[in-house]
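Examining the three-dimensional arrangement
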Amino acid sequence: MPELSRSVDTDLGVLPFIEARRQVEQHAALLGRPAAQESVPLLEARGRILAEEICADRDQPPFPRATRDGYAVRSSDLLRVPVQLRIVAEIRAGASPESTALTLRAGEAAEIMTGAPAPAGADAVVMVEYTRRNGASVEIERSIAPGENIVPAGAEARRGDLLLSPGARMTPAAIALAASVGKSQILVFPRPRVAILATGDEVVDLALTPNANQIRNSNSYSLAAQVAGAGGIAVVLPIAPDEHASLRRLIAQGLEADLLLLTGGVSMGKYDLVEQVMRELGAEFIFTGALIQPGRPVVFGAVRTRARPAATYFFGLPGNPVSTMVTFELFARPMLDALAGARPGQIRFLKARLKSEVKVRTGLTRFLPALLTGEFSAAEVELLRWQGSGDIVTTARANCYLVVPPDRESISAGELVSVLAVASDD
Ligand code: AMP
Ligand code: MG
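Let me begin by describing the structure that accompanies this report. Model, not experiment: these values are computed from the prediction.

This paragraph deals with the overall build of the protein. Helices and strands together make up the secondary structure of the protein, namely seven helices and 29 strands. Taken against the 2.2 N^0.38 rule, which gives 22 Å for 426 residues, the C-alpha radius of gyration of the protein at 29 Å runs more than 25% over that of a compact globule. By its C-alpha atoms, the protein is 90 × 55 × 45 Å across when sized along the principal axes. Per-residue burial for the protein yields a buried fraction of 47% across its 426 residues. Per element, the accessible surface of the protein, about 20,800 Å² overall, is 51% carbon and sulfur. Seen as two clouds, the 44 positive and the 47 negative side-chain charges of the protein have centres 1 Å apart.

On to the pairing of strand 14 (residues 193-198). In terms of burial, strand 14 is largely enclosed, as five of its six residues are buried. As defined by bridge partners, strand 14 adjoins strand 17 (residues 233-236) across four bridges and the pair is classed as parallel. Considered in strand 17, the bridge of Ile 196 is made with Val 236. Judged from the five bridges that link them, strand 14 and strand 18 (residues 259-263) form a sheet pairing that is parallel. Within strand 18, the residue paired with Ala 198 across the bridge is Thr 263.

Turning our eyes to something else, we now look at the packing of aromatic side chains. Evaluated as defined, the whole model comprises seven aromatic pairs. On the basis of an interplanar angle of 70 degrees and a centroid distance of 5.1 Å, the ring pair of Phe 17 and Phe 367 is categorised as edge-to-face. Linking Phe 17 in helix 1 (residues 17-30) with Phe 367 in strand 25 (residues 365-373), this pair joins segments that are 350 residues apart in sequence. The structure contains a cluster of three or more aromatic residues connected by ring pairs, namely Phe 17, Phe 287, Phe 300, Tyr 313, Phe 315, Phe 331 and Phe 367.

Core analysis: the largest hydrophobic core is formed by 54 residues, its most contacted members being Leu 261, Phe 287, Phe 315, Phe 331, Met 335, Phe 367 and Val 381. Residue contributions to this core peak at eleven residues, all from helix 6 (residues 321-339). Those residues within four positions of Phe 331 in sequence are excluded, and the remaining contacts are Phe 17, Ala 20, Arg 21, Val 24, Phe 287, Ala 290, Ile 292, Val 298 and Phe 315.

Glancing now at the sheet that holds strand 8 (residues 124-127). Pairing is mixed in the open sheet, where six strands are placed in the order 8-5-7-6-10-9. Looking at the sheet topology across the chains shown, the edges are occupied by strand 8 and strand 9 (131-134). Across the sheet, the mean angle from the axis of one strand to that of its neighbour is 40 degrees, orientation sign disregarded. Sheet topology places strand 6 (residues 83-91) next to strand 10 (residues 137-140); four bridges connect them, and they run antiparallel. Looking at the pairing, Leu 85 lines up with Val 138 of strand 10.

Time to look at the site of ligand 1. Close to ligand 1 lie 17 residues, the nearest being Glu 202, Asn 217, Ser 218, Gly 265 and Gly 319. Between ligand 1 and Ser 267, the relevant distance is 3.4 Å, taken from an oxygen atom to a side-chain nitrogen or oxygen of the residue. Here Asn 320 contributes a backbone N or O atom positioned 3.1 Å from an oxygen atom of ligand 1. Class assignment of the residues belonging to the shell around ligand 1 gives a composition of four nonpolar, ten polar and three charged.

This brings us to unusual backbone geometry. With the exception of glycine, most residues fall at negative phi, and the peptide bonds are largely trans. In this chain, Val 81 is followed by Pro 82 through a cis amide linkage whose omega measures -5 degrees. Note on placement: Pro 82 falls in the loop between strand 5 (70-73) and strand 6. Here the residue pair Gln 293 and Pro 294 is connected by a cis peptide bond, since its omega of -5 degrees sits within 30 degrees of zero. Tracing the chain through its elements places Pro 294 in the loop between strand 20 (289-293) and strand 21 (299-303). Phi is positive for Asn 149, which is not a glycine, with a value near 65 degrees. Within the secondary structure, Asn 149 sits in the loop between strand 10 and strand 11 (150-151). Looking at Asn 149, the relative accessible area reads 14%, which means it is buried.

Let's shift gears to the packing of helix 1 against helix 6. The relative placement of two packed helices comes down to the angle between their axes together with the axis-to-axis distance. Where helix 1 contacts helix 6, the two axes come as close as 9 Å, and the packing angle between them is 10 degrees. Overall, the two elements helix 1 and helix 6 adopt an arrangement that is roughly parallel. For the pair formed by helix 1 and helix 6, the contact residues are Phe 17, Ala 20, Arg 21, Val 24, His 27 and Ala 28 on the first element and Glu 329, Leu 330, Phe 331, Pro 334, Met 335 and Ala 338 on the second. A per-class count over the contact of helix 1 with helix 6 returns nine nonpolar, one polar and two charged.

Turning our eyes to something else, we now look at the packing of helix 3 (residues 219-229) against helix 6. The N-to-C vectors of helix 3 and helix 6 enclose an angle of 30 degrees; their axes lie 10 Å apart at closest approach. By the angle class used here, helix 3 and helix 6 are roughly parallel. Considering how the two elements wind past one another, helix 3 and helix 6 form a crossing that is right-handed. Of the residues in helix 6, those in contact with Asn 219, Ser 222, Leu 223, Gln 226 and Val 227 of helix 3 are Pro 321, Thr 324, Met 325, Phe 328, Glu 329, Arg 333 and Leu 336.

Conventions adopted
Residues numbered from 1 in each chain as written. Chains lettered and ligands numbered in written order. Predicted model: local features only at pLDDT ≥ 70, side-chain atom pairs only at ≥ 80, totals over all residues. Heavy atoms only, no water. Helix = DSSP H or I, 4+ residues; strand = E, 2+ residues; numbered from the N terminus. Rg over C-alpha atoms; globule rule 2.2 N^0.38 Å. Buried < 20%, exposed > 50% of the residue type's maximum accessible area, 1.4 Å probe, protein only. Areas by Shrake-Rupley, 256 points an atom, 1.4 Å probe, with all protein chains shown as cover. Lys, Arg positive; Asp, Glu negative; His and termini not counted. Charge placed at Lys NZ, Arg CZ, Asp CG, Glu CD. Pairing = 2+ DSSP bridges. Phe/Tyr/Trp six-rings, centres within 6.5 Å; stacked < 30°, edge-to-face > 60°. Core = buried A, V, L, I, M, F, W, Y, C linked by side-chain atoms within 4.5 Å. Contact = heavy atoms within 4.5 Å. Axes fitted to C-alpha atoms, helices over the stretch in contact; angles between N-to-C directions. Near = heavy atom within 4 Å. Polar contact = N/O pair within 3.5 Å; in protein donor to acceptor, adjacent residues only side chain to side chain. Nonpolar A, V, L, I, M, F, W, Y, C, P; charged D, E, K, R; others polar. Parallel < 35°, antiparallel > 145°, perpendicular 65-115°, else oblique. Left-handed = near helix turned anticlockwise from the far one by under 90°.

Laid out in structure tokens, this is it:
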């Protein structure tokens, strides 16, 4: 775990969205790589963060690879077409190296299949569609540029080249790359453990039947799902009441994880005790709010305990269920990525056309549940009518958040707007 850097400001108060996000990114960037590593079978590596270098064990492709079915030729034979070439070989993908050890001479062609090695002397492959077979020779009706339909040996990577470095996320393409160099087992960083602590006297566990004034704990579940989707291990703690001693005990427990996510108790209410308890535990606050909606009261800080002199970062996420989910996406995710050993990612918004006018008050960057529709190049987005940041019924029907910049009080239908896609795990 990292030292909380003194070079980064603390207690910045309430920040505009972009500045708050930058703060998280700066802290995330200061985290060192995790010390531990573990070896996992390649098939289990999906989404994990690579801890080793993966290099090419041979040239890629290892031979000049035909990318079409047709005839390997010397392009200089095709300067004047049509032309008849003598077929001297048939080369299939996977043919033995002995059987392909030939050199194509002037006037000769080799029948060749996609994925097969082009023979020495050949510098292009004519697609079968442009040829006519006449027994032992082939008539070719088009000329061809040198290099066409052949990927030279080593064009993608040379033997020994670095293909993936530590910190890379094992996407399906990265997994394909590891497989292509024969890595059936790879070293990854351990998944970070993320403690989740829901607070609130009204919040009850799913095992209980809530009374008329209680609500079920949904935040621990949405967060656990988000944490798992982001590659962490969720450690869900019991619900903390709005009572000092129990809250403090559970927070102390949560600080033993790599990251602590609290929900609730960060607003201005009389029983919103999270900040107070955190201060008593020696927390340094980096920001205590962001000019966003939902999620304005979000808190970001770090605590060093005697048992753990390295800083443990925490987020106090507002308790309203949509605020909790949005602030996780906006702020907790980059921290989790960094704790997992990944290079901290940028936040990227998609662009879509607004379907109908949006009016809001200025001052806050808004992330409003919305529906993105339209295929191919016709992405359109529409706000869903919702009951505010407690409305998970509407949010569960949404597939994105429409981003409204803080200086816009109305956006007209047809304008291009930013959209934050809801991360899906698969
Ligand atoms: P708070 O941030 O504690 O002021 O809570 C804001 C709103 O979110 C209140 O209506 C709470 O009842 C609700 N809330 C807080 N925690 C949870 C939770 N774990 N699950 C569902 N709703 C919650
Ligand atoms: Mg509360």
